[in-house]
Amino acid sequence: MRTVLMVAEKPSLALSIAKILSKGSCSSHKGLNGACSVHHYQGSFQGQAARFKMTSVCGHVLSLDFIGKYNNWDKVDPAELFSQAPTEKKEANPKLNMVKFLQVEARGCDYVVLWLDCDKEGENICFEVLDAIEPAMNAPRGREQTVFRAKFSSITDTDIWKAMSQLGEPNRNEALAVDARQELDLRIGCAFTRFQTKYFQGKYGNLDSSLISFGPCQTPTLGFCVERHDKIQSFKPETYWVIQAKVFKGKDGPLTLDWDRVRVFDREVGQMFVNLAKTSREARVESVSKKEKAKQRPLALNTVEMLRVASSSLGMGPQHTMQIAERLYTQGYISYPRTETNHYHENFDLREVLLQQTTNPMWAQEAKALLAAGLNRPRKGSDAGDHPPITPMRAASEAELGSDGWRLYEYITRHFMATVSEDCKYLQTTIEFSIGTEAFSCSGKTLISPGYTAVMPWLGVPLEEALPACEPGDVFTVDEIKLVEKQTCPPDYLTEAELITLMEKHGIGTDASIPVHINNVCQRNYVTVENGRKLKPTNLGIVLVHGYYKTDAELVLPTIRSAVEKQLTLIALGKADYQQVLQHTLDIFKRKFHYFVDSVGSMDELMEVSFSPLADSGKPLSRCGKCHRFMKYIQAKPSRLHCSHCDETYSVPQNGVIKLFKELRCPLDDFELVLWTSGARGKSYPLCPYCSSNPPFRDMKKGVGCNECTHPSCQHSLVSLGIGQCVECEGGVLVLDPTSAPKWRMACNSCNVLVHFFEHAHRVQVAPESCDACEASLVAVDFNKTRSPLPAGGTQHTGCVFCDPLFQDLVELKHATMRHPMHRGGARRGGRGRGRGRRGNPKKPKDKMAALAAYFV
């Protein structure tokens, strides 16, 4: 019996597909990486009995990066990144061991069916999976096909079985288009970002951004926001005048008329027209026209339209919207949410989709009415050849989906029902008047048939006061004629919905990447999201864009990236050579980079006006070890210490607060130590600014504190304060926090584990001896006499935190509260380093520490 390996993009998708294809009779077990499950069942494949193994990846298996030495910002010229720096594919998430997991599952398999998402990124992941598994699979028999690709758009029985019966092959060209985009974005983005960041952060202290990034798509996206800001700033309001006329007939209420000339920009001319109109006290009806009009139902829903509506109507950002849409898709509630198509094929079963919604009380009545009357064929849109429009695939309730999930699902469902409804029809009545020599008019709408607005009421024809019945020649009495002064208004800041429209129009990004680019300009502090999802550029964002315009406008205009996107599309279609497009684009940007470096002074002139030099930023905090003058602590992102006398800047850990640490000095370089803390419930540790920026030992990483320093005699180092291996992570060491008294604690120098112990003790110290059972260092505790847990009123005891029964009830494991995703120091795997060579790497005390972790977690 042959064995078939099937791979989906997410664990939840793998389970759903396996249940459908096995008809609910699959057995499951966890894979070796703990993140992905493997589902087994027996069935038929290519007309033969076969064993099936269904599993998944977790997104991309591999990611592109430069080889090790080219990731050192200090030693590599950014210009080398365009051509000289070799790249390599690394595991996207090393902790998942995805390559090894796939190879283990592929052993003994004869065929593979790839159930990755059906877009360009999915095709790229297909080949990442194949690179991992093909060496481990059984050799093919002759020329038989062993690699198959399943194409599907929703997680329904019909769609999955149809995909299984029509298997194809993965598309190499689409995968190459993604490879090209990844390499271009990596090389171009890293080169410009590294140069800008080092140049400007080395000069200015209040940029308030940890990275001055450039991106071929990100920067034009920012450019649109700044362009609108510039229009607002340069707008000069103009005064204009309109004539406002009110008339009435009999006992009817007054009717406000619109002036046919609309407005004039000269007050005297406006007054002249008022005087001409005032020669008559009567308004004569010149004509009455009635015209039936239709408000077209929407086109079928694609990704860009969904993102626009979610932002403008639901108040949900594009990134958040896509996350929710992907969850709804993997749970089987909607079809694939990444599609450029807004046209349904003739053979798409619209009726079946609508039948699913007749059980939902929110719109069951409308759905049944549509089915009874017969579905209207949706409007003809554009077919991009990818996936069908976004469609609800099964009924759901708010309790199942949660608040935001339900709101998005409700919109998608109502939008679908609107596409198969009739157009909204209304009668527009227009009455034209003459008052003296001037012409006026008024109009009103009367609903004839709500059509699709029955399910999308917010788009309906607004209720208006009915116009009075009249005929040509009727006379109304003029109640008032006056000249009203008004002013032109500036445009408002771009909304996310408007920005998405501009990005789509100019070809910046894809339906999948547009949310990422918008999120990036917000995360980099280039733009802030104001009320109404309006995007207001920050001072840094404005100066950057103006600087690009001064040096090379094409860096910020959408033209070049739009042209690159067209070339990438040609690669996907097999009409352009991958290497030629890659090399040609890199050559263009390499020249632009050299010109930008030579002309950066133009941007710097704008920076000088808007930001403060490093020497004028921050507050004095600790002394420099070279000149013994005070260095200034610059709190704005990225936090750092700057010595104006030596003109040196020292990086410190981010997302916390730096304080002076008892005016103690580092024994290696004489710099005053500082204390980094993430808050009262978080971690804290001392660090030397110089050692943190220039690690003195080979096994130390840049940006770490004294809790990872292997100095053999310093009282603050890992060697002096380390206690034992972390109870949760593999490489971390639990280090005593000497500043934590009287609420003593030790913290892992790699993950966010905190262990509280010996509260209110007078003194806690790490003893030179170690535990015979677990090899953790012993701890000497001097307890408060009134609160001592020791027998007979004893106050001093030395023992193992993990093994000593006297300490057992005094230890509490927690997790540190961080201001930001955890700052990871990257501790060495070999324990805490204390006494290395004397007793080797400390063991993790399996029984006691596992029990401790299990008891407190």
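Scroll up to find the structure.
Presented here is a report on the structure given in the accompanying data block.

The rules behind each value
Residues numbered from 1 in each chain as written. Predicted model: local features only at pLDDT ≥ 70, side-chain atom pairs only at ≥ 80, totals over all residues. Heavy atoms only, no water. Pairing = 2+ DSSP bridges. Helix = DSSP H or I, 4+ residues; strand = E, 2+ residues; numbered from the N terminus. Axes fitted to C-alpha atoms, helices over the stretch in contact; angles between N-to-C directions. Phe/Tyr/Trp six-rings, centres within 6.5 Å; stacked < 30°, edge-to-face > 60°. Buried < 20%, exposed > 50% of the residue type's maximum accessible area, 1.4 Å probe, protein only. Parallel < 35°, antiparallel > 145°, perpendicular 65-115°, else oblique. Left-handed = near helix turned anticlockwise from the far one by under 90°. Contact = heavy atoms within 4.5 Å. Nonpolar A, V, L, I, M, F, W, Y, C, P; charged D, E, K, R; others polar. Disulfide = S-S within 2.5 Å. Salt bridge = Lys/Arg side-chain N within 4 Å of Asp/Glu carboxyl O.

Remarks on the sheet that holds strand β30 (residues 796–799)
Okay, step 1: In spatial order, the strands read β28-β29-β30; together these 3 strands make up an open sheet with antiparallel pairing. Taken across any chain shown, the strands that pair with only one partner, and hence form the sheet edges, are β28 (763–770) and β30. Taken over all neighbouring pairs, the strand axes of this sheet differ in orientation by 20° on average, direction set aside.
Okay, step 2: Note that β28 and strand β29 (residues 777–782) share 5 bridges and pair antiparallel. Of the residues in β29, the one forming a bridge with Ser770 is Ser777.

Notes on the packing of aromatic side chains
Okay, step 1: In total, this model carries 34 aromatic pairs according to the counting rule given.
Okay, step 2: Plain terms: the ring middles of Phe82 and Phe192 are 6.5 Å apart, the flat faces sit at 85° to each other, and that makes the pair edge-to-face. Taken together, the residues span a long stretch of sequence, with Phe82 in the loop between β5 (62–66) and β6 (87–91) and Phe192 in helix α5 (residues 172–201) at a distance of 110 residues. There is no split in this pair, since Phe82 and Phe192 are both buried.
Okay, step 3: Ring geometry for Tyr548 against Phe596: centres 6.0 Å apart, planes inclined by 40°, an arrangement best described as tilted.

Describing the packing of helix α16 (residues 539–551) against helix α19 (residues 600–610)
Okay, step 1: Interaxial distance between α16 and α19 falls to 8 Å at its minimum, and their mutual angle equals 155°. Looking at the two axes, α16 sits roughly antiparallel to α19. The crossing of α16 and α19 is right-handed. Contacts between α16 and α19 involve Asn539, Leu540, Val543, Leu544, His546, Gly547, Tyr548, Lys550 and Thr551 from the first element and Ser602, Met603, Glu605, Leu606, Met607 and Ser610 from the second.
Okay, step 2: The residue makeup of the contact of α16 with α19, split by class, is 7 nonpolar, 6 polar and 2 charged.

Some points on the state of the cysteines
Okay, step 1: Tallied over the entire structure, the rule returns 0 disulfides.
Okay, step 2: Free of any disulfide, Cys751 has its nearest cysteine sulfur in Cys748, 3.6 Å distant.
Okay, step 3: Between Cys800, a cysteine without a disulfide, and Cys774, which holds the nearest cysteine sulfur, the sulfur-to-sulfur distance is 3.6 Å.
Okay, step 4: By relative accessible area, Cys800 is classed as buried at 3%.

Remarks on the side chain of Gln428
Okay, step 1: Looking at the element boundaries, Gln428 is found in strand β12 (residues 424–435).
Okay, step 2: With a relative accessible area of 19%, Gln428 lands in the buried category.
Okay, step 3: Setting aside its immediate chain neighbours within four residues, Gln428 contacts Ser289, Lys290, Lys291, Lys293, Gly444 and Lys445.

Observations concerning unusual backbone geometry
Okay, step 1: Lys637 connects to Pro638 through a cis peptide bond whose omega is -10°.
Okay, step 2: The topology assignment puts Pro638 in the loop between β18 (630–634) and β19 (640–643).
Okay, step 3: Geometrically, the link from Ala741 to Pro742 is a cis peptide bond, its omega value of 5° lying close to zero.
Okay, step 4: Within the fold, Pro742 resides in the loop between β25 (733–736) and β26 (745–748).
Okay, step 5: In this structure, Lys662 takes a positive phi of about 55° despite not being glycine.
Okay, step 6: Its location among the elements puts Lys662 in strand β21 (residues 657–665).

Focus: the pattern of salt bridges
Okay, step 1: According to the stated counting rule, one finds 33 salt bridges in the structure shown.
Okay, step 2: Across the pair Glu565 and Arg181 runs a salt bridge, and its minimum N-O distance is 2.7 Å. Of this pair, Glu565 sits in helix α17 (residues 559–572) while Arg181 sits in helix α5, placing them 384 residues apart in sequence.
Okay, step 3: Note on Arg181: relative accessible area 15%, which makes it buried.
Okay, step 4: For Asp604, the salt bridge is made with Lys203, and the minimal N-O distance between the two is 2.4 Å. Within this pair, whereas Asp604 is found in helix α19, its partner Lys203 is found in the loop between α5 and α6 (218–234), the two being separated by 401 residues in sequence.
Okay, step 5: What makes Lys203 partly exposed here is its relative accessible area of 31%.
Okay, step 6: Through salt bridges that share partners, Arg181, Asp185, Arg561 and Glu565 make up one connected network.

Just distances and angles here, no functional claims.
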